Amino acid sequence: MGNSAVVVGGGIGGLAAAIGLRLIGWEVTVVERARTLDDAGAGISLHANGLRALDVLGVGAAVRAAARPQYTGGTRTPDGRLLARMDGAALERELGTPIVGIPRSELHRLLRAVLPPESLLIGAEVTSVDRSDASRVRLAAGDTELAADLVVAADGIGSRLRTQLFPGHPGPTYSGSTVLRAITGTPVDLRTDFELTWGPGAEFGHIAFADGRAEWHAVLNAPAGVRHPVPLDEVRRRFDGWHDPIPALLAATRPDAVLHHDVNELVAPLPSYAVGRIALLGDAAHAMTPNLGQGACQALEDAATLAAALSTGDGVESALVRYDAERRPRSQSVARAARQAGRMGQQLSRPVAVALRNTALRLAPSRVTVRAVLRHADWTPPRLG
């Protein structure tokens, strides 16, 4: 009888973990509490480390084929002046790939396509976890009873499994920023593949997709929980007068397509990503702000590293100790860097501080921007087996 695993959560990290475990011969069940996999979300940028993890999992080529490389772009001021240029060609020379942009729904679809439909248990919420047997973990998911050699907690920033394992942990913290985002309903004529614009306490950015549509996001300093009757109208008001193509992106967006979420993170680092036969992965382990575009990439690294650790045959608990040792320092370091990037980027609001930052960015050579990306994206994946 082979090894079995239950992955709790059918997001990017959970699906990737399931793919990795199946590659090393495990029987896997993914439990997702959503009743329908509508793939809610906008767009995502994948850096070289995320793509390398996908290569290990055997889906890198499919993702690249569906994504759009980000060769052109940079960071601007609201009137359109360039602060820093993104050199996608330089990144490709250094890393073998540029950053790519893809709709989240398409990435989810490509990951799910690798898994047999019977491995997905949809519309079932894990309500209890029994760890009394040292050799197996038992779970109740709706009317279904499951037992497994391994449980992967990939149930997101609000992870219930994390709360059970670490009842004293404070959980998610509001970052001070809220984000509104959408994918345009029609193609938009864009001069760049990726762009950020920074104003006082605000950011507007876009990611161009292969089909000509684009994702845009608007990040604002705001109290938690503030919502607007028509979110798109609020974005138009807040970014009125900002440079092209921001008006065109908003004009190509349906009002009902706009998503609004507060940006939360795990400020207090977890003491471990493994407890017995349970591994924490992705946002459940290290939810971070999106300022470096590394959240999903770190989850993909988790998935590839977990599969590699378990492929050695050293036993589940020993493998999870190795997984924790390899993933926790790196992912928590990236989370700290993302938090700092937000404080020096979108969240900066005082005019003098904004002016000093903008001057520093204009004076910095382009290789400084490339090195900043390399610091987190240049990751060597483990081998399975």
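That block above? That's the structure.
Everything in this summary refers to the structure shown in the same document. Since the model is a prediction, treat every value here as computed from it, not as a measurement.

Some remarks on the overall build of the chain
Per the secondary structure count, the chain includes 13 helices and 19 strands. Here the C-alpha radius of gyration of the chain, 21 Å, is about what a compact globule of 385 residues would show, namely 21 Å. The C-alpha extent of the chain, read off along each of the three principal axes, is 65 × 45 × 40 Å. Taking all 385 residues of the chain together, 54% fall into the buried category.

A look at empty space enclosed by the protein
Applying the stated criterion to the full structure yields 1 cavity of 30 Å³ or more. Its boundaries defined by the atoms lining it, the largest cavity holds a volume of some 40 Å³. Breaking the lining of the largest cavity down by element, the ones donating at least two residues are β14 (194-199) and β15 (202-208). Of the residues forming the lining of the largest cavity, the biggest block, 3 residues, is contributed by β15. Looking at the lining of the largest cavity residue by residue, the classes come out as 3 nonpolar, 4 polar and 1 charged.

Topic: the packing of aromatic side chains
Counted under the stated rule, the structure contains 3 aromatic pairs. When the ring of Phe204 is compared with that of Trp216, the centres are 5.6 Å apart and the planes differ by 15 degrees; the resulting orientation is stacked. Of this pair, Phe204 sits in strand β15 while Trp216 is found in strand β16 (residues 214-221), placing the two residues 12 residues apart along the sequence. A residue is classified by how much of its surface remains accessible, and Phe204, at 2% relative accessible area, is buried. Overall, Trp216 belongs to the buried group, its relative accessible area being 0%. Centroid distance Phe239 to Trp242: 4.6 Å. Interplanar angle 80 degrees. Geometry classified as edge-to-face. The class for Phe239 is buried, based on a relative accessible area of 3%.

Quick notes on the sheet that holds strand β9 (residues 126-130)
Spatially, 3 strands are ordered β9-β10-β11 in an open sheet, and the strand pairing comes out antiparallel. At either end of the open sheet lies a strand with only one pairing partner, and these are β9 and β11 (144-148). Strand-to-strand, the axes of this sheet are offset by a mean angle of 20 degrees, without reference to chain direction.

Here's the deal with the pairing of strand β12 (residues 150-153)
Taking every second residue as pointing to the same face, both faces of β12 are buried, with Leu150 and Val152 on one and Val151 and Ala153 on the other. As paired strands, strand β1 (residues 4-8) and β12 are joined by 4 bridges and run parallel to one another. Paired with Val8 across the strands is Ala153, a residue of β12. For β12 and strand β19 (residues 278-280), the ladder comprises 3 bridges, and the chain directions are parallel. The residue of β19 that forms the bridge with Val151 is Ile278.

Quick word on the pattern of salt bridges
Inspection of every chain in the model, using the stated rule, returns 20 salt bridges. For the salt bridge of Arg136 with Asp149, the shortest nitrogen-to-oxygen distance reads 3.2 Å. Residue Arg136 is located in the loop between β9 and β10 (137-141), and its partner Asp149 is located in the loop between β11 and β12; the two are separated by 13 residues in the primary sequence. With a closest N to O distance of 3.7 Å, Asp233 and Arg236 form a salt bridge. Taken as a pair, Asp233 and Arg236 lie in helix α7 (residues 231-238) at a separation of 3 residues, close to a single helical turn. A single salt-bridge network, built from bridges that share partners, covers Glu301, Asp302, Arg327 and Arg330.

Here we look at the sheet that holds strand β7 (residues 99-103)
Reading across from one edge, β3-β7-β4 is the order of the 3 strands in this open sheet, with antiparallel pairing throughout. Looking along the sheet, the strands with just one partner apiece sit at the ends: β3 (43-46) and β4 (68-70). Sheet twist, expressed as the average angle between the axes of neighbouring strands with direction ignored, equals 30 degrees. For β3 and β7, the ladder comprises 4 bridges, and the chain directions are antiparallel. Across the sheet, the residue bridging to Gly43 is Pro103, located in β7.

Things to note about the pairing of β10
Of all 5 residues in β10, 4 are buried, a share of seventy percent or more. As paired elements, β9 and β10 share 4 bridges and run antiparallel to each other. Looking at β10, one finds that Val129 is bridged to Leu139. Linking two consecutive strands that pair antiparallel, namely β9 and β10, is a turn of 6 residues. Sheet topology note: the β10/β11 ladder contains 5 bridges and is antiparallel. Looking at the pairing, Ala140 lines up with Glu145 of β11. Taking the residues that link successive antiparallel strands as the turn, the β10-β11 hairpin has 2 residues, and the phi of Gly142 there is positive, at about 65 degrees.

Rules and cut-offs
- Residues numbered from 1 in each chain as written.
- Predicted model: local features only at pLDDT ≥ 70, side-chain atom pairs only at ≥ 80, totals over all residues.
- Heavy atoms only, no water.
- Helix = DSSP H or I, 4+ residues; strand = E, 2+ residues; numbered from the N terminus.
- Rg over C-alpha atoms; globule rule 2.2 N^0.38 Å.
- Buried < 20%, exposed > 50% of the residue type's maximum accessible area, 1.4 Å probe, protein only.
- 1 Å grid on protein atoms, 1.4 Å probe; cavity = no way out; pocket = protein on both sides within 12 Å on 5 of 7 lines; lining within 4 Å.
- Points joined across faces, edges and corners; volume = space filled by probe spheres on them.
- Nonpolar A, V, L, I, M, F, W, Y, C, P; charged D, E, K, R; others polar.
- Phe/Tyr/Trp six-rings, centres within 6.5 Å; stacked < 30°, edge-to-face > 60°.
- Pairing = 2+ DSSP bridges.
- Axes fitted to C-alpha atoms, helices over the stretch in contact; angles between N-to-C directions.
- Salt bridge = Lys/Arg side-chain N within 4 Å of Asp/Glu carboxyl O.

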